[in-house]
Each structure stands twice: as structure tokens, then as C-alpha cells.
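# Breakdown of the fold
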Amino acid sequence: MKKRTPSYETRELREFAEVLRGRRTIELFLQTPVPDGLVREAIDAATWAPNHHVTEPWRFILPGERTVQKILDLCQRIVAEEKGVELALHKRESWAEKPGWLLVTCKRSDDELQQKEDYAACCAAVQNFMLYLWKAGVGSKWTTGDITRDPRFFDIIGVNESTAMIVGLIWFGYPKLTPTQSRKGLDEVLLHLP
Ligand SMILES: Cc1cc2nc3c(=O)[nH]c(=O)nc-3n(C[C@H](O)[C@H](O)[C@H](O)COP(=O)(O)O)c2cc1C
């Protein structure tokens, strides 16, 4: 009997690829709240990311309203110091419109290679989180602006800067607008070796 090659052209795989390719960084969100249960599921999915030596180096923080207000105050203060009060207010207002907030931290390691691999694992976890939400119709934006390295930010979120780093501040919510993006073709990024 002839052995059949398993088909990779299945509907499930096409749909999965659509999620991978269709996810975009979202700037503008609707104010519709994202169900807590969905967020928890997405965080749980994040924890299934590959992580070398199974270090599970990530921690997830969901800031509540009071903490978000403190972050907004700090954001406004930082921008005011650097770029003036008008821009600072504008930035605060745009941040205040972000409906969902998640912070992802990575344990610090004294071992340089372990630190690199732990950070890589955390990035994979963030991607899991974002893709899980995207499949549920929820968009997100991963940010690593200056504020995420500011000691005052660490104080607000109660993270010890000497033992953990911030991998990202992730905003999430139902997209108001989904932008388009392009990517290089495979012929530009893929190399076959004999
Ligand atoms: C580690 C990391 C940090 C990022 N930080 C920022 C940021 O600080 N500000 C920003 O506008 N976008 C940030 N982004 C989002 C990228 O700009 C975005 O992924 C890129 O423009 C490609 O768009 P796409 O996500 O829709 O494919 C970050 C992405 C990654 C992976």
C-alpha cells in the first residue's frame, strides 16, 4: 500500500497561519473591557512558552486602576521633564485610553547565557499571550519605552530592579483600527545550505 504524505494544507493550519500573520500592533482600542477570564487564559497560554531548563523566568502583573493612575502620573512627569507639559498631557491622555494593562517581568540571572535564554523565553511568552488574545479578537501593543526602565516605575509596580527586568508593558483591548504591515519575502530572509 502506498504511504500518503500527511497534508499540511488543512483548514486548521490555514486558520492558525491567519492568526500568526494577521496579528498587528494595535494603537487605538475600543473601551469595551476584555473579560478577566480571557486574560487569565491568555496568561496561562503564555506560561506554556518554551523556556530553557524550565526556569519559568516570567512573572505577570495586572495593574489595577490605582496603579495605572500612578503609572499615568509618572509617564506625564517624565514627558513633561523632557518634552514639556503640553506633550506630557497629550501622552497621558493617550495612555489613559488603553483599556487593558499587563506587565511581564523576567527574573535576572548572574549567568549571562541563562539571562539571554530567560529573556528569550519571556519574549516567547509575550507572543503566546498576544496571539491567544488575537484569536479571541483582542489586539495588543508591546512597549518597552523609557518608563519601563525608570526606577520609579519599578517602585510603583513593586518589582525589585536588582532581581527582575521588565520585558514589556503590554496594552490590550478590542481594536478600533487594525493597521496593515508588510514583511520581506522569504527569498530575502531564508538561506538554504547544501
Ligand atoms: C520587544 C519589543 C518592544 C517594542 N516596543 C515598542 C515601543 O516601545 N513602542 C512602539 O511603538 N512599539 C513597540 N513594539 C512594537 C513594534 O513596533 C511592532 O511590533 C512593529 O512595528 C511591527 O508591527 P506588528 O507588531 O504589527 O507586526 C515593540 C515590539 C517588540 C517585539
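The structure under discussion appears in the preceding block.
Overview of the structure.

Rules behind the numbers
Residues numbered from 1 in each chain as written. Predicted model: local features only at pLDDT ≥ 70, side-chain atom pairs only at ≥ 80, totals over all residues. Heavy atoms only, no water. Helix = DSSP H or I, 4+ residues; strand = E, 2+ residues; numbered from the N terminus. Contact = heavy atoms within 4.5 Å. Phe/Tyr/Trp six-rings, centres within 6.5 Å; stacked < 30°, edge-to-face > 60°. Buried < 20%, exposed > 50% of the residue type's maximum accessible area, 1.4 Å probe, protein only. Pairing = 2+ DSSP bridges. Axes fitted to C-alpha atoms, helices over the stretch in contact; angles between N-to-C directions. Near = heavy atom within 4 Å. Polar contact = N/O pair within 3.5 Å; in protein donor to acceptor, adjacent residues only side chain to side chain. Areas by Shrake-Rupley, 256 points an atom, 1.4 Å probe, with all protein chains shown as cover. Nonpolar A, V, L, I, M, F, W, Y, C, P; charged D, E, K, R; others polar. Salt bridge = Lys/Arg side-chain N within 4 Å of Asp/Glu carboxyl O.

Relative to the helices and strands, Leu72 is located in helix α3 (residues 65-83). C-alpha of Leu72 to C-alpha of Trp95: the two residues are 23 residues apart in sequence and 7.0 Å apart in space. Among all residues touching Leu72, those that are not within four sequence positions of it are Arg92, Trp95, Ala96 and Trp101.

This brings us to the packing of aromatic side chains. For the structure shown, the criterion picks out 4 aromatic pairs. A centroid spacing of 4.9 Å and a plane angle of 75° characterise the contact between Trp95 and Trp171, whose relative ring orientation is edge-to-face. Residue Trp95 is located in helix α4 (residues 85-96), and its partner Trp171 is located in strand β4 (residues 164-173); the two are separated by 76 residues in the primary sequence. Of the residues examined, Trp95 reaches a relative accessible area of 10% and is grouped as buried. A relative accessible area of 3% places Trp171 in the buried class. Between Phe129 and Phe172, the ring centres sit 5.8 Å apart and the planes meet at 75°, which makes this aromatic pair edge-to-face. Taken together, the residues span a long stretch of sequence, with Phe129 in helix α5 (residues 112-135) and Phe172 in strand β4 at a distance of 43 residues. For the pair formed by Phe129 and Phe172, the shared burial category is buried. An aromatic cluster is present here, built from Trp95, Trp101 and Trp171 joined pairwise through their rings.

Our focus in this paragraph is the sheet that holds strand β1 (residues 58-61). Across the sheet, 4 strands lie side by side as β1-β2-β4-β3; this open sheet has antiparallel pairing. Each edge of the open sheet is held by one strand with a lone partner, namely β1 and β3 (139-143). Averaged over all neighbouring strand pairs, the angle between strand axes comes to 25°, with direction disregarded. Relative to β4, β3 runs antiparallel, the two sharing 5 bridges. In the sheet register, Lys141 faces β4, and the bridge partner there is Trp171. The strands touched by α5 are β1, β2 (100-107), β3 and β4; relative to β4, the strand with the most contacts, the crossing angle is about 10°.

Moving on, we get to unusual backbone geometry. Phi is mostly negative for residues that are not glycine, and the peptide bonds are mostly trans. In this structure, Val54 is a non-glycine residue whose phi angle is positive, near 45°. Structurally, the position occupied by Val54 is in the loop between α2 (36-46) and β1. Residue class for Val54 comes out exposed when judged on its relative accessible area of 60%. The phi dihedral of Glu56 falls on the positive side, at around 40°, and the residue is not glycine.

Taken together, the neighbourhood of the ligand is formed by Arg23, Arg24, Thr25, Lys141, Trp142, Thr143, Thr144, Gly145, Gln181 and Arg183. The separation between an oxygen atom of the ligand and a polar side-chain atom of Thr25 is 2.5 Å. At a separation of 3.3 Å, an oxygen atom of the ligand approaches a polar side-chain atom of Gln181. Starting from 620 Å² of accessible surface for the ligand in isolation, the protein chains cover 60%. Here the residues of the shell around the ligand are counted per class, giving 1 nonpolar, 5 polar and 4 charged.

Let us now look at the environment of Pro35. In this fold, Pro35 is placed in the loop between α1 (11-22) and α2. Each C-alpha atom of the pair Pro35 and Gly173 lies 9.8 Å from the other, and the pair is 138 residues apart in sequence.

As enumerated under the stated definition, the model contains 6 salt bridges in all. When the shortest N-O distance is used, the salt bridge between Arg152 and Glu81 registers 3.7 Å. With a gap of 71 residues between them, Arg152 in helix α6 (residues 151-157) and Glu81 in helix α3 connect regions that are remote in the sequence. Owing to a relative accessible area of 32%, Arg152 belongs among the partly exposed residues under this scheme. Look at Glu81 and you get exposed, because its relative accessible area is 53%. We note a salt bridge from Asp146 to Arg149, for which the minimum N-O separation is 3.4 Å. Taken together, the shared-partner salt bridges in this structure form one network comprising Glu81, Asp150 and Arg152.

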